[in-house]
Amino acid sequence: FSFKLSAQPALNRPPANNTDTTGARSAQIDSGRLDSLGTDSLRTDSTIKKSSTGLNSDIQYTAEDSIRFSIDGNTIYLFGKGRIAYEEMELDADYISIDQKNKLLFARGVNDKYNVYRGRPIFKQGSDSPVTADSLFFNFETKKANVYGTATSMDGGFIQGRKSKKNEYNEVSLLHGIYSTCNL
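Scoring rules and cut-offs
- Residues numbered from 1 in each chain as written.
- Predicted model: local features only at pLDDT ≥ 70, side-chain atom pairs only at ≥ 80, totals over all residues.
- Heavy atoms only, no water.
- Helix = DSSP H or I, 4+ residues; strand = E, 2+ residues; numbered from the N terminus.
- Buried < 20%, exposed > 50% of the residue type's maximum accessible area, 1.4 Å probe, protein only.
- Contact = heavy atoms within 4.5 Å.
- Areas by Shrake-Rupley, 256 points an atom, 1.4 Å probe, with all protein chains shown as cover.
- Core = buried A, V, L, I, M, F, W, Y, C linked by side-chain atoms within 4.5 Å.
- 1 Å grid on protein atoms, 1.4 Å probe; cavity = no way out; pocket = protein on both sides within 12 Å on 5 of 7 lines; lining within 4 Å.
- Points joined across faces, edges and corners; volume = space filled by probe spheres on them.
- Nonpolar A, V, L, I, M, F, W, Y, C, P; charged D, E, K, R; others polar.
- Pairing = 2+ DSSP bridges.
- Phe/Tyr/Trp six-rings, centres within 6.5 Å; stacked < 30°, edge-to-face > 60°.
- Polar contact = N/O pair within 3.5 Å; in protein donor to acceptor, adjacent residues only side chain to side chain.

Here the focus is the overall build of the protein. Counting its secondary structure elements, the protein contains zero helices and 20 strands. Of all 184 residues assigned to the protein, the portion counted as buried reaches 34%. For the protein, the proportion of contacts with a sequence separation of at least 24, taken over those separated by at least 6, is 40%. Surface exposure of the protein reaches about 11,200 Å², of which carbon and sulfur atoms provide 49%.

Below, the structure is given as structure tokens:
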């Protein structure tokens, strides 16, 4: 699956998933309008109000397993090797949710059938080195992040922390942090 979410006004209803002749499911968000296999009589309904996501640029996202939308259309859920690209931020994780109304993103790994935690979020912002985490929250508007179970490398050393916060000035605060010259 591959989608592109525009910062254009979107319809205030969930996107319709269409089924093609091969049985594969697909949906597309294009400038706030939904594509369908036939003519959508609701498109001309004057009671449908448009709302803006308020984001500065497009969010590009993909998922290997599936992509689902909340009933109100404000939340997008990515399952199985989800990937997000927004401005200078990139994120890979097995579960990602995007709350367009509150401009928040949540990502985490998932337990496999052997109860092993896999698909941890890998977060990269700008020219910073990638950060592996257990879970994270990111605010698209403020560019701030709360990251839990952090692990990254920097200047030949390795940093781990139970919780870290990154502010808009590219400063990081760690709670219960460890710095080491060897990979723990």
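Now, onward.
The next subject is the nonpolar core. In terms of nonpolar packing, the biggest core is built from 24 residues, with Tyr 61, Ile 84, Met 89, Leu 91, Ile 96, Ile 98 and Leu 105 touching the most fellow members. Elements with a contribution of two residues or more to this core: β8 (59–62), β9 (66–69), β10 (75–86), β11 (89–99), β12 (104–108), β17 (135–139) and β18 (145–154). Tallying contributions element by element places β11 first for this core, with five residues. Ile 96 has contacts with Ile 76, Tyr 77, Leu 78, Gly 82, Arg 83, Ile 84, Leu 91, Leu 105, Phe 106 and Ala 107, leaving out every residue within four places of it along the chain.

Here the largest pocket defines a volume of roughly 370 Å³. Around the largest pocket, the lining is made up of 18 residues, and of these Val 131, Thr 152, Met 154, Lys 166 and Val 172 lie nearest the centre. If you list the elements that add at least two residues to the lining of the largest pocket, you get β15 (122–125), β18, β19 (157–166) and β20 (172–180). By residue number, the principal contributor to the lining of the largest pocket is β18, which donates five residues. Along the lines of polarity and charge, the residues of the lining of the largest pocket split into eight nonpolar, six polar and four charged.

Where β18 and β19 come together, nine bridges link them in antiparallel fashion. The residue of β19 that forms the bridge with Asn 146 is Lys 165. Between β18 and β19, which pair antiparallel one after the other, the connecting turn spans two residues, and Asp 155 there sits at a positive phi close to 50 degrees. In this sheet, β20 lies alongside β19 in antiparallel orientation, the contact comprising eight bridges. Directly across from Ser 164, in β20, lies its bridge partner Leu 174. In this structure, the hairpin formed by β19 and β20 is closed by a connection of five residues, where Asn 170 is found at a positive phi of approximately 70 degrees.

Another point: the packing of aromatic side chains. Applying the stated criterion across every chain, the model contains seven aromatic pairs. Note on Phe 79 and Tyr 95: the rings are 5.5 Å apart at their centroids and 55 degrees apart in plane angle, and the pair reads as tilted. Highlighted residues: Phe 79 in strand β10 and Tyr 95 in strand β11, separated in sequence by 16 residues. An aromatic cluster of at least three residues, connected via ring pairs, comprises Phe 79, Tyr 95, Phe 106, Phe 137 and Tyr 148.

Assignment of secondary structure puts Asn 139 in strand β17. A relative accessible area of 19% means that Asn 139 is categorised as buried. Taking the C-alpha atoms as reference points, Asn 139 and Asn 102, separated by 37 residues in sequence, lie 8.3 Å from one another. Leaving out residues up to four positions away in the same chain, Asn 139 has contacts with Lys 103, Leu 104 and Lys 144. Side-chain polar atoms of Asn 139 contact the backbone nitrogen of Glu 141, separated by 2.8 Å.

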